[in-house]
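Residue-level structural notes
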Amino acid sequence: MSVVEKALRKAREAKQGGAEPVAGEAAAQADANSRPSAPHAFAGAQSPPIVLDRAALRAAGLLPPVAEERRLSSQYRKIKRPLIANAIGRGADRLPNGYLIMLASAMPGEGKTFTALNLALSIATEKDFSVLLVDADVAKPQLSRIFGLEGEQGLLDVLRDPQLDVDSAIRPTDIPTLSFLPAGKSSADATELLASKRMEELAQRLGERDSHRIVLFDTPPLIQTTESPALMHVAGQVLVVVRAESTPQPVLLDALETLQEHPAVSLVLNQSMRSDTAAYYYYGYGEERSDRSTAPPSE
Amino acid sequence: MNAPSLQNTLEDFLDLLRGLWRFRWPALIVAWCLAPLLWIGIFMIPNTYESYAKVFVDTRTALSEATEGLSIASPMDSEIERVRDALLGGPELRKVANDTGLMAGALTGAQQQAVIANLRKNIDITGNLEPRSTMALFTITYRDPNRTRSLQVVDHLLNTFVEGTLGGKQQGSEEAEKFLTRQIAAYGERLSTSEQRLAAFKKQNVGLLPGEQGDYFSHLQTSMSDLTKDKERLSLELRKRAVLSQQLHAGQQFTAGPGDSGTQNPAALDTEGQIAQAQQKLNQLLLKFTNKYPDVMALRQTLKQLKAREAAQIAAAKRGDLGAAAQLSLTANPVYQKLQEQYDAEGVTIASIQQEISDREQEIAKLRSMISTAPEVQAQYAKLTRDYNVTRTQYDALLGRLDRARLGQQAATTGVVKFQVIDPPTAEFAPVAPRRALLILGALILSFAVGGGVAYLMQLLRPVFVSQRQLGAVTGLPVLGSVSMAWLDERRSVLRSERRRYLWAMAGLAVLGLGILVLQAHIYSLFGGVHA
C-alpha cells in the first residue's frame with residue numbers, strides 16, 4: 001500500500017465517505033470549499049483544505065508512478081525513521097530543533113521537492129505525528145504552483161508582515177496530518193526575507209507549536225542561492241538530496257562546505273538507478289512486518 | 001570478513017560500469033571516429049605474398065658406398081650451411097635483386113644496400129636437418145608485396161641452391177683432376193728420361209750389368225767356383241777312364257790266356273754246347289709241333305747261325321789264328337762290348353769338360369781384368385734403377401688417383417647429392433600479410449576499448465555518485481537511504497528509445513566493421529590500385 005493511498009484513505013475516512021478527489025485544480029478547490037468544516041490537525045480553519053490530486057502530481061513528476069509506489073514508499077519509510085528518531089526521539093537521540101528538517105540539494109533539479117513531498121506523505125501516515133511542509137524555495141515555488149497556491153498568502157508574506165499570523169497562511173490538506181505553507185507572493189527581497197532574523201523566529205515558532213509536528217522546508221539549491229545558510233541555523237536536521245549519477249562530486253562537496261558547521265547533516269541518494277533488488281526485498285520485508293506489528297490500527 | 005569485501009568489490013565494479021554508462025555517447029562517438037580511421041589505415045598496408053619451394057636433398061645413394069673413402073663425400077649439414085651462406089651472401093642477393101627488378105629504384109649504394117638487406121630479411125631458408133641423416137627437406141620462403149616477384153625470387157634462389165650444391169662439388173673435383181693431370185704429365189716426363197738414361201747405360205755397359213746371375217762379384221765368384229767344380233769333375237772323369245782302360249786290357253789277356261795254354265777252345269765248346277742245347281730243344285718241340293710252328297722255325301734259324309759260327313771258329317782254329325778266334329769270341333762278349341762303350345763315352349766327357357774349363361778360365365780372366373771399373377758401373381746402375389723405380393711408383397699412384405677422382409666425379413653427377421624439387425616455387429593467391437580480417441576486427445574492438453577508456457577518463461574527471469555506500473564514503477556523512485529512480489512512463493519510453501538508438505548506433509559500427517571484414521578483398525582492390 002502506497003503512502004499516498006494510505007494518506008488518501010485516511011482523508012476519505014475523515015471526510016466520512018465523501019466524494020472522490022476530482023482531478024483538476026478548480027474541482028479540487030470547489031471540493032475543498034464545499035467542506036470547509038473538514039477536521040484538520042492544526043491548520044487554520046479559515047483556509048480551504050488542499051486536495052492532493054494524485055494524477056496531477058504524478059503527471060508533474062512529484063509522485064512516483066503507480067508501478068513504483070510500493071518500492072519508493074518502502075524506501076522513504078526507511079529514510080524517515082532516523083529523521084523522526086532525531087526529531088522526537090528519546091534521550092540522547094533527540095536533537096535540538098530536530099523537528100525542523102531542512103531539505104537541501106547542491107544543484108537545482110536533484111529531486112528536492114519530490115523528496116519533500118514524498119517524505120511528508122510518508123511521515124503523515126504516522127499516527128503520532130503531523131507534518132507541515134513549507135515551500136521555502138521562493139525562487140521556484142514548485143509545490144505552491146502545483147497546489148495552485150502561487151501568489152497566495154504564504155511564507156514570504158508572513159515574513160514581510162510581522163502582523164500577519166503564520167497560522168492564517170498555513171493550508172490544511174485532505175490528509176489531516178499534513179498541512180502546507182505556500183511560498184507566498186514573490187518579491188525582489190525574497191532572499192533577504194528568508195535570511196532574516198524573523199525567518200529564524202518563525203521556524204522556531206512553527207516547531208514549538210506542537211511537539212509532535214515535524215516541519216519540512218523545501219529550500220533552494222545550496223550553491224545557487226544564499227537563503228539556505230540562514231535557514232540552516234534554525235533547522236535541527238539537514239537532509240541533502242543527491243541525485244545519483246548526476247550531481248558532480250566536487251559540486252556536492254562544495255555545497256557541503258557551507259553546511260560544515262551544522263551538527264546533523266545527512267544525505268539521501270535520489271533517483272538511484274541501481275537495481276539493488278535483493279537489498280530492497282530484504283529490508284522491505286522486515287520493514288513491512290515491523291510496520292504492521294507496531295501500527296495495526298492504521299489498517 | 002571476506003564476503004563483504006568481495007561484495008564491495010563487486011559493487012564497486014558495478015558502480016564503475018554505471019559511471020561508464022553515463023558517458024556512453026561520447027564513448028560511442030570516439031569509437032565511431034576511430035574505427036574508420038583504423039580501417040582506412042589497415043587498407044593502406046600493402047599486401048604481402050609469400051612464395052615457397054621445397055627441395056628434398058639426399059646424399060645417400062648406391063654410389064655413396066663406392067665413393068666412401070674418396071675426398072668428395074662431405075658432411076651434409078656443412079654442405080647445406082655453405083649453400084645457405086652462399087645464397088644469402090651479398091653478391092648472390094644482388095644478382096637476385098637485379099634479375100627480379102628489385103634494384104630498379106635503388107640508385108645509390110646505400111639504397112642498394114637497403115634493398116639487399118630487406119631481401120635477406122624476407123628470405124627464409126629452413127631445413128629439417130637431422131644430425132646424422134643424409135636426407136633433408138629444405139624450404140625456401142620469400143615474402144614480397146608483389147606475388148609474381150616473390151615467385152621469381154624463390155625460383156632464382158632455388159636454382160642457385162641446386163646449382164650451388166652440385167656446382168661447388170664439381171668445381172672442387174675438377175680442380176683435383178687438373179692437379180693430378182699436371183702431376184702425371186710431370187712424372188711421365190721424368191719417368192721417360194730416367195727410362196732413356198737407364199737404357200743408354202745398359203747399352204754402354206752391356207756385360208757388366210748384373211743379369212740373372214747377379215752382380216759382378218757374385219758373377220766372378222760363381223765362375224771361379226764353377227771352374228773348381230769342373231776341374232774336380234775332370235780329374236774324376238780321368239780316373240774313371242784310367243780304370244776302364246785297365247779293365248779293357250785285362251779282358252784281352254784273360255781271353256788270350258786259355259787259348260795259349262789248352263787245345264780246347266772254350267769258345268768252340270761253348271758254341272757246341274749251345275748247338276746241342278738248341279738241337280735238344282728243337283727235338284722236344286718237334287714232338288709236339290710241326291715244322292711250321294713259329295718256335296720251331298725260330299729255333300732252326302738260331303741253330304743255323306750257331307752252326308755257322310762254330311764252323312768259322314773251327315776254321316780259325318785250324319789256321320792257328322787263336323787271337324782272331326779269341327777276338328771273335330771276345331767281340332761277341334757283351335761285357336767287353338759295354339766296357340768299350342763306356343770307355344769311348346768317357347773320352348767325349350773329358351774332352352767337353354776340358355773345353356768348359358778353358359772357357360771359364362777365359363771368362364775369369366776377363367772379369368779379373370775389369371775388376372777396377374765394375375763396381376762403379378754397378379753402383380751407377382743401381383742408382384739409375386732406383387730412380388726409375390721411384391718415379392715409376394709415383395707415376396702409377398698418380399694414375400690410380402686420377403682414375404678414382406674421375407670415378408668420384410661421375411658419382412657426383414649421377415647423384416651422390418640427389419635433389420628433388422618437391423614443391424616448385426608456389427605462392428598463394430591470398431596474401432599472407434597483413435591479416436586484414438583480424439586487424440579489422442581488432443580495430444573494431446580497439447575502437448570500442450578506446451571509447452570505453454574515454455568514458456572512463458571522463459568519469460574520472462567528472463565523478464558522480466552512484467551508490468549509497470560510495471556517497472557515504474566520499475562525503476563522510478550518514479546516508480539515510482537511497483530512493484530509486486521513479487520512472488514516468490513517457491520518460492521511461494524516452495529512455496528506452498534512447499537506449500535503442502544507442503544500441504543501434506553501436507550495432508551499426510559493429511555491422512559496418514563486419515561488413516568491411518567480409519568485403520575486405522574487394523575494398524582492398526579499390527585501395528590496391530594505388531599500390532600496384
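Reading guide: rules and limits
Within each chain, residues carry numbers counting from 1 in the order of the written sequence. By the order in which they are written, chains take letters starting at A while ligands take numbers starting at 1. Per-residue local features of the predicted model are confined to residues with pLDDT of at least 70, and side-chain atom pairs are confined, for both listing and counting, to 80 or more; whole-chain, interface and lining totals are unaffected and use all residues. Side-chain metrics in this entry use all non-hydrogen atoms of the structure; hydrogen atoms and water are not considered. Strands are runs of DSSP state E lasting at least 2 residues, helices are runs of H or I lasting at least 4, and numbering of each runs from the N terminus. A simple rule labels every residue: compare its accessible area, found with a 1.4 Å probe on the protein chains alone, to the largest value its type can have, and call it buried under 20%, exposed over 50%, or partly exposed in between. Two residues form a contact once any of their heavy atoms are found within 4.5 Å. Note on areas: these come from Shrake-Rupley sampling with a 1.4 Å probe, and a residue is covered only by the protein chains present in the view. Centres within 6.5 Å make a pair out of two Phe, Tyr or Trp rings, where for Trp the six-membered ring is used; the pair is then stacked when the planes are under 30 degrees apart, edge-to-face when over 60, and tilted otherwise. In this analysis, strands are considered paired if DSSP registers two or more bridges between them. Throughout this description, the term salt bridge denotes a Lys or Arg side-chain nitrogen within 4 Å of a carboxyl oxygen of Asp or Glu. Each polar contact in these results corresponds to two N or O atoms within 3.5 Å; when the atoms are within protein, one needs to be able to donate a hydrogen and the other to accept it, and residues that are neighboring in sequence are counted only if both atoms are side-chain atoms. Patch building starts from residues that exceed 30% relative accessible area and form no salt bridge, then joins like charges within 9 Å and nonpolar side chains (Val, Leu, Ile, Met, Phe, Trp, Tyr) within 5 Å. Helix axes use the C-alpha atoms of the stretch in contact, all axes being lines fitted to C-alpha atoms, and the angles between their N-to-C directions lie in the range 0 to 180 degrees. Here roughly perpendicular refers to angles of 65 to 115 degrees, roughly parallel to angles under 35, roughly antiparallel to angles over 145, and oblique to all remaining angles. Note on residue categories: nonpolar means Ala, Val, Leu, Ile, Met, Phe, Trp, Tyr, Cys or Pro, charged means Asp, Glu, Lys or Arg, and polar means any other residue, Gly included. A score from 0 to 100, pLDDT tells how confident the predictor is in each residue. Expected helix span is given by 1.5 Å per residue-to-residue step, counting one fewer step than there are residues.

1. Notes on the overall build of chain B
When helices and strands are tallied, chain B shows 17 helices and five strands. For chain B, buried positions account for 32% of its 532 residues. For chain B, long-range pairs separated by at least 24 residues make up 83% of all intrachain contacts whose partners lie at least 6 apart in sequence. Carbon and sulfur atoms form 59% of the exposed surface of chain B, whose accessible area is close to 32300 Å².

2. Observations regarding the overall build of chain A
Scanning chain A for helices and strands turns up 13 helices and seven strands. Classification of the 299 residues of chain A by burial places 55% in the buried group. Taking the contacts inside chain A whose residues are at least 6 apart along the sequence as the reference set, 80% of them involve residues at least 24 apart. Total accessible area computed for chain A in this model is approximately 12400 Å², and 52% of it derives from carbon and sulfur atoms.

3. Some points on the packing of aromatic side chains
With the rule as written, the count across this model stands at five aromatic pairs over all chains. The interplanar angle of 75° and the centroid separation of 5.0 Å between the aromatic rings of Phe147(A) and Phe180(A) together place this pair among those described as edge-to-face. Here the residue Phe147(A) occupies a position in the loop between α6 (142–146) and α7 (155–160), and Phe180(A) occupies one in strand β4 (residues 178–181), the gap between them amounting to 33 residues. Each member of the pair, Phe147(A) as well as Phe180(A), is classed as buried. Ring centres of Trp21(B) and Tyr502(B) lie 5.4 Å apart, and the angle between their planes is 80°; on these two criteria the pair is classed as edge-to-face. On the criterion of sequence distance, the pair formed by Trp21(B) in helix α1 (residues 2–22) and Tyr502(B) in helix α16 (residues 489–518) is long-range, its members being 481 residues apart. Among the aromatic residues, ring-to-ring pairing joins Trp21(B), Trp25(B) and Tyr502(B) into one connected group.

4. A word on the pairing of strand β5 (residues 479–484) of chain B
Where burial is concerned, most of β5(B) is hidden: six out of the six residues are buried. One ladder, built from four bridges, connects strand β7 (residues 265–272) of chain A with β5(B); its direction is parallel. Considered in β5(B), the bridge of Leu267(A) is made with Val479(B).

5. Side note on the sheet that holds strand β2 (residues 130–135) of chain A
The strand order across the open sheet built from eight strands is β3(A)-β4(A)-β2(A)-β5(A)-β1(A)-β6(A)-β7(A)-β5(B), with neighbouring strands paired in mixed fashion. Each having just a single partner strand, β3 (171–172) of chain A together with β5 of chain B make up the two edges of the open sheet. Examined bridge by bridge, β2(A) and β4(A) share four bridges and lie parallel to one another. Among the inter-strand pairings, Val131(A) is bridged to a residue of β4(A), identified as Leu178(A).

6. Observations concerning the interface of chain A and chain B
Often the size quoted for an interface is simply the accessible area lost on bringing the parts together. The interface of chain A with chain B comprises 37 residues on the first partner and 27 residues on the second. Counting across the interface, chain A meets chain B through one salt bridge. Among the salt bridges present, the one from Arg18(B) reaches Glu245(A), with a minimum N-O distance of 3.4 Å. The interface formed by chain A and chain B includes 13 residue pairs in polar contact (both at pLDDT 80 or more). Elements with a contribution of two residues or more to the side of chain A that touches chain B: α4 (66–88), β6 (237–243), α12 (249–258) and β7 of chain A. Broken down by element, the side of chain A that touches chain B gets its largest block of residues, nine residues, from α4(A).

7. Section: a nonpolar patch on the surface
All names here are of chain B. Judged by side-chain polarity, Leu 10, Phe 13, Leu 14 and Leu 17 come together as a nonpolar surface patch covering roughly 380 Å² of accessible area. Looking at the element boundaries, Phe 13 is found in helix α1. A relative accessible area of 46% places Phe 13 in the partly exposed class.

8. Focus on the packing of helix α5 (residues 90–100) of chain B against helix α6 (residues 109–122) of chain B
Residue and element names in this part refer to chain B. Close contact between α5 and α6 brings their axes to 10 Å; oriented N to C, the two are set at 95°. Of the possible angle classes, the one that applies to α5 and α6 is roughly perpendicular. Of the residues in α6, those in contact with Gly 90, Leu 93, Arg 94, Val 96 and Ala 97 of α5 are Gln 112, Val 115, Ile 116, Leu 119 and Arg 120. Residues of the contact of α5 with α6, tallied by class, amount to six nonpolar, two polar and two charged.

9. Notes on the confidence of the model for chain B
Residue and element names in this part refer to chain B. Per-residue confidence for chain B gives a mean pLDDT of 78; residues scoring 70 or more make up 79%. When the criterion is pLDDT under 50, residues 61–73 qualifies, and its contacts beyond four places in sequence or with other chains add up to 14 contacts. Note that pLDDT drops below 50 for residues 256–264; the model gives that stretch three contacts with residues more than four away or on any other chain.

10. Notes on the pattern of salt bridges
Under the criterion given, the structure shown has 23 salt bridges over all chains. Among the salt bridges present, the one from Arg171(A) reaches Glu152(A), with a minimum N-O distance of 2.4 Å. One end of the pair, Arg171(A), is in strand β3; the other, Glu152(A), is in the loop between α6 and α7, and 19 residues separate them in sequence. Salt-bridge contacts for Arg469(B) lead to Glu11(B); the nearest nitrogen and oxygen are separated by 3.1 Å. Taken together, the positions of Arg469(B) in helix α15 (residues 468–475) and Glu11(B) in helix α1 put the pair 458 residues apart, joining distant regions of the chain. Exposure remark for Arg469(B): the relative accessible area of 34% places this residue in the partly exposed category. Sharing partners across several salt bridges, the network here consists of Asp226(B), Lys229(B), Asp230(B), Arg233(B), Glu356(B) and Arg360(B).

11. Quick word on the environment of Arg309(B)
Residue and element names in this part refer to chain B. Structurally, the position occupied by Arg 309 is in helix α10 (residues 294–319). C-alpha separation for the pair Arg 309 and Thr 271, spaced 38 residues apart in sequence, amounts to 7.6 Å. What Arg 309 contacts, discounting residues up to four positions off in sequence, is Thr 271 and Gln 274.

12. Digging into α15(B)
For an α-helix, 3.6 residues make a turn, and residues three or four places apart therefore share a direction. Burial in α15(B) covers these residues: Gln470(B), Leu471(B), Gly472(B) and Thr475(B). Buried residues in α15(B) make contact with β6, α12 and β7 of chain A together with β5 of chain B. Trailing α15(B) by a residue or two, Gly476(B) shows a phi angle of about 75°, which is positive.

13. Comments concerning the side chain of Ser467(B)
All names here are of chain B. Within the secondary structure, Ser 467 is located in the loop between α14 (436–461) and α15. Take Ser 467: its relative accessible area is 3%, and that puts it in the buried class. A polar atom in the side chain of Ser 467 sits 3.1 Å from the side chain of Asp 15.

14. Overview of helix α10 (residues 197–208) of chain A
Taking 1.5 Å per residue, 12 residues should reach 16 Å; α10(A) reaches 17 Å between its end C-alpha atoms and fits that length. Buried residues of α10(A): Arg198(A), Met199(A), Leu202(A), Ala203(A), Leu206(A) and Gly207(A), and no others.

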